[in-house]
Amino acid sequence: MGAWELLLVGAVMALGVCGVLVPGVPGSWLVWAAVAVWALRNPNGLAWGVLVGATAVLLASQVLRWQLPPRRLRQAGATRKLGLWMGLGALVGFCVIPVIGAIPGFIGGIYVSERLRLGGHGDAVASTRTAMRAGGSSVLAELFACLLIVGAWLGAVIWG
């Protein structure tokens, strides 16, 4: 697979990760589809292993999301800026503390957004709890799964 094709697959994955934060966009399925196209165009054991792993992670995240409260972030007062902070926090956390850092980064992103909006620590903590109960945990599960899949793909492309 050429460099331009890898760049296109990476762009679709980035679009999918961003799509997780936008209601109504099937972000996780875009990430999976990009991995599937990559595996079909690059048929080797590593590519197929990444595709099987991505499928398992995606299905596990979907089962987990069905167990969590539905997304009602807009009704709880979440803004687009909050979604941006959640995504940036998860991405930075994922890079700073590999893999596990996405969880505190996500929650930290909510806190920072609410702290900037409300001004006080107590109000920001209460608003962060409200956001997580209103569907933030569901968004986190899907975003974490997508970041795992993208990380596995990047690892396979770089070191494979």
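It should be emphasised that the depicted structure is a prediction, and the values quoted were computed from it without experimental measurement.

(A) Quick look at the packing of aromatic side chains. For the coordinates displayed, the defined rule picks out 1 aromatic pair. With 6.4 Å between their ring centres and 85° between their planes, Trp38 and Trp153 make a pair best called edge-to-face. On the criterion of sequence distance, the pair formed by Trp38 in helix H2 (residues 27-41) and Trp153 in helix H6 (residues 121-159) is long-range, its members being 115 residues apart. For Trp38, a relative accessible area of 3% corresponds to the buried category.

(B) Representation of H6 in the model. Look at H6: only 43 Å from first C-alpha to last across 39 residues, short of the 57 Å you get at 1.5 Å a residue. Along H6, the sharpest kink reaches roughly 70°, centred on Gly135.

(C) Structural view of the side chain of Ser127. The topology assignment puts Ser127 in helix H6. Sequence-distant contacts of Ser127, that is, excluding residues within four places in its chain, are made with Glu114, Arg117 and Leu118.

(D) Molecular detail of helix H3 (residues 45-67). In this model H3 runs 33 Å from its N-terminal to its C-terminal C-alpha over 23 residues, within 8% of the 33 Å that 1.5 Å per residue would give. Taken together, the buried positions of H3 are occupied by Ala47, Val50, Leu51, Ala54, Leu58, Ser61 and Gln62. Lining the buried residues of H3 we find H2 and H6. Of the residues that open H3, the one with a side-chain oxygen 3.2 Å from the backbone nitrogen of Leu46 is Asn44.

(E) Looking closely at a nonpolar patch on the surface. A cluster of nonpolar residues, Val92, Val96, Ile97, Val99 and Ile100, forms a patch on the protein surface that exposes about 450 Å² of accessible area. Along the chain, Ile97 turns up in the loop between helix H4 (80-96) and helix H5 (102-118). A relative accessible area of 48% places Ile97 in the partly exposed class.

Calculation rules
- Residues numbered from 1 in each chain as written.
- Predicted model: local features only at pLDDT ≥ 70, side-chain atom pairs only at ≥ 80, totals over all residues.
- Heavy atoms only, no water.
- Phe/Tyr/Trp six-rings, centres within 6.5 Å; stacked < 30°, edge-to-face > 60°.
- Helix = DSSP H or I, 4+ residues; strand = E, 2+ residues; numbered from the N terminus.
- Buried < 20%, exposed > 50% of the residue type's maximum accessible area, 1.4 Å probe, protein only.
- Expected span 1.5 Å × (residues − 1).
- Bend = angle between axes of the 7 residues up to and from the residue.
- Contact = heavy atoms within 4.5 Å.
- Polar contact = N/O pair within 3.5 Å; in protein donor to acceptor, adjacent residues only side chain to side chain.
- Patch = residues over 30% accessible without salt bridge, like charges linked within 9 Å, V, L, I, M, F, W, Y side chains within 5 Å.
- Areas by Shrake-Rupley, 256 points an atom, 1.4 Å probe, with all protein chains shown as cover.
- Salt bridge = Lys/Arg side-chain N within 4 Å of Asp/Glu carboxyl O.

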